[in-house]
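The residues making up each chain are set out below.
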Amino acid sequence: MPTKTSRRAVVAASTPGTAPAAPAVKRDRTHYLYIAVIVAVALGIAVGLIWPDAGVELKPLGTGFVNLIKMMISPVIFCTIVLGIGSVRKAAKVGAVGGIALGYFTVMSLVALAIGLVVGNVLHPGEGLHLTAALRQSGHAQVSADALPPVDFVLSIIPVTFVSAFTEGQVLQTLLVALLTGFALQALGAAGQPVLRGIEHIQRLVFRILAMVMWAAPIGAFGAIAAVVGSSGIDALKSLAVLMFGFYVTCVLFVFVVLGALLRIVSGLNIFSLLKYLAREFLLILSTSSSESALPRLIAKLEHLGVSKAVVGITVPTGYSFNLDGTMIYMTMASLYIADALGTPMSLGEQIPLLLFLLLASKGAAGVSGAGLATLAGGLQSHKPALVDGIGLVVGIDRFMSEARALTNFAGNSVATVLIGTWTKEIDSERVRRVLAGELPFDETTLLDEGRPSAEEEAGGKELAKA
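Residues numbered from 1 in each chain as written. Predicted model: local features only at pLDDT ≥ 70, side-chain atom pairs only at ≥ 80, totals over all residues. Heavy atoms only, no water.

Novice: Residues and numbers for helix H15 (residues 279–288), please.
Specialist: Most of H15 sits inside the fold, with eight of its 10 residues counted as buried. Of the residues making up H15, those classed as buried are Arg280, Glu281, Phe282, Leu283, Leu284, Ile285, Ser287 and Thr288. (Buried < 20%, exposed > 50% of the residue type's maximum accessible area, 1.4 Å probe, protein only. Helix = DSSP H or I, 4+ residues; strand = E, 2+ residues; numbered from the N terminus.)

Novice: So what's going on with the packing of aromatic side chains? Which residues, and what values?
Specialist: Applying the stated criterion to the full structure yields eight aromatic pairs. With centroids separated by 6.4 Å and ring planes inclined at 50°, the aromatic side chains of phenylalanine 162 and phenylalanine 166 adopt a geometry described as tilted. For phenylalanine 166, a relative accessible area of 29% translates into the label partly exposed. Look at phenylalanine 247 and tyrosine 248: their rings are 6.3 Å apart centre to centre, the planes differ by 90°, and that puts the pair in the edge-to-face class. Ring-pair connections join several aromatic residues into one group, and the members of that group are Phe78, Phe162 and Phe166. The ring of tyrosine 277 carries lysine 301 above its face, with NZ or CZ at 4.9 Å from the centroid. Sitting above the plane of the tyrosine 330 ring, arginine 405 keeps its charged end 4.2 Å from the centroid. (Phe/Tyr/Trp six-rings, centres within 6.5 Å; stacked < 30°, edge-to-face > 60°. Lys NZ or Arg CZ within 6 Å of the ring centre and 35° of its normal.)

Novice: Which residues make up the packing of helix H16 (residues 295–305) against helix H23 (residues 429–436), and what values do they have?
Specialist: The geometry of H16 relative to H23 is characterised by a closest axis approach of 8 Å and an angle of 115° between their N-to-C directions. Between H16 and H23, the residues in contact are Glu303, His304 and Leu305 and Arg431, Val432, Val435 and Leu436, respectively. In the contact of H16 with H23, the residues fall into four nonpolar, one polar and two charged. (Axes fitted to C-alpha atoms, helices over the stretch in contact; angles between N-to-C directions. Contact = heavy atoms within 4.5 Å. Nonpolar A, V, L, I, M, F, W, Y, C, P; charged D, E, K, R; others polar.)

Novice: Tell me about unusual backbone geometry, and name the residues and values.
Specialist: The phi dihedral of lysine 425 is positive, around 60°, even though this residue is not glycine. As for its placement among the helices and strands, lysine 425 is situated in the loop between helix H22 (398–423) and H23.

Novice: Break down the pattern of salt bridges for me, with residues and values.
Specialist: All told, the structure shown has six salt bridges when counted by the stated rule. Ionic pairing is found between glutamate 281 and lysine 301, a salt bridge with its closest N-O pair at 3.2 Å. Of the two residues, glutamate 281 sits in helix H15 while lysine 301 sits in helix H16, which places them 20 residues apart along the sequence. Residue glutamate 281 is classed as buried on the basis of its relative accessible area, which comes to 0%. One continuous salt-bridge network, built from bridges that share partners, spans Glu430, Arg433, Arg434 and Glu439. (Salt bridge = Lys/Arg side-chain N within 4 Å of Asp/Glu carboxyl O.)

Novice: With reference to specific residues and values, describe the environment of glutamine 203.
Specialist: Position of glutamine 203 among the secondary structure elements: in helix H10 (residues 193–213). Separated by 123 residues in sequence, glutamine 203 and threonine 80 place their C-alpha atoms 7.7 Å apart.

Novice: Before we move on, could you go through the environment of alanine 217 and cite the residues and values that matter?
Specialist: Mapped onto the elements, alanine 217 comes out in helix H11 (residues 217–232). The class for alanine 217 is buried, based on a relative accessible area of 2%. Sequence separation between alanine 217 and serine 287 is 70 residues, and the spatial gap between their C-alpha atoms is 8.7 Å. The residues touching alanine 217, leaving out its near neighbours within four places in the chain, are Leu33, Val37, Phe65 and Leu284.

The structure is reproduced here in structure tokens:
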């Protein structure tokens, strides 16, 4: 059966005497979209400062845009994982990727906790603050029942029905269904190839819809930023400036020193080049305060970068629930801040068990809206209830800190995918170099690489290479 390349060669040979037409260069108009996002963020800040009440009323604009993106997450994850597993002939390879990913996530979570622990003990930002009755009440209001204990959390990964995994917006439920579907298609062999081709067509449709939705980003950014600034204002930040400064600096050091060193040593890549490649996604997160808003684009961009579908499909969705480096740093520093502010500073012997408990609790809160604050409140309620009173001290700046959490989590998952691709030899190093050098630009119109081989061709190519 002739391949796509051979068919093109036949067409070229049938028209002698004519020079091959240069491929039409697609004009990228999406840069106007991201300029509009920057302008919308500036306008949102202005509205929130000048007319704070009006800014708060604009919150549904931001919520609506984020919900539009969340609507696309389940089908994107399903298609990506099924096609990824379909391109790997041996199920053991998928298991190896998942095992390495979970091991790496656990180690990096502990590293993030340790860094937050050191910085929190050096700064002592909560000393000298006073807790009012109103703040104490607002702290208890943050204790959420949505954060599940470990056993219930594991059971919650199993959807009620096959279809409900897509309708309830639970990332891990979608991940489970996609893994089962991918392995089933693997077992079907050649009989499953038509289904894989059908899912490829669905993926093209899903990413085209996502590209259309992205044009609403300026409106969503405007509403989200106006609401945050309008509800918090500048005064709420003054007394907490030390904590915010320390947290932001810690996140920057973690990304550029820890993750940057790992990326350089393991993959030989520059962290600045990778983050520049993902600049539009960082802007989207910054303007919406939600890392989920960039999840579908991260999957598409990492595949374009040269990481295999299997590694991207397993690592990225799992990382969004288990690799929360920014959240780990936040919970560490916030716990120490609250303990100092209440006049009950914790010894190192008290800090380590609490933080290890929060490490486990954060997995049970995966997917909970505002998971950072909810997890912190739930963890303190279970392990050290006396500190729940102080949660109210960080409520005012939680939205501002959530942006740093989301950006750090996103950077951590981006680096993790490249590292795991390198360790499992599922990354095209030459393509990575060319993409980061700007030689192979990402198609913002389709969010897909139409010229790259399909899952069926990719699998066949690997079999031929082995032979």
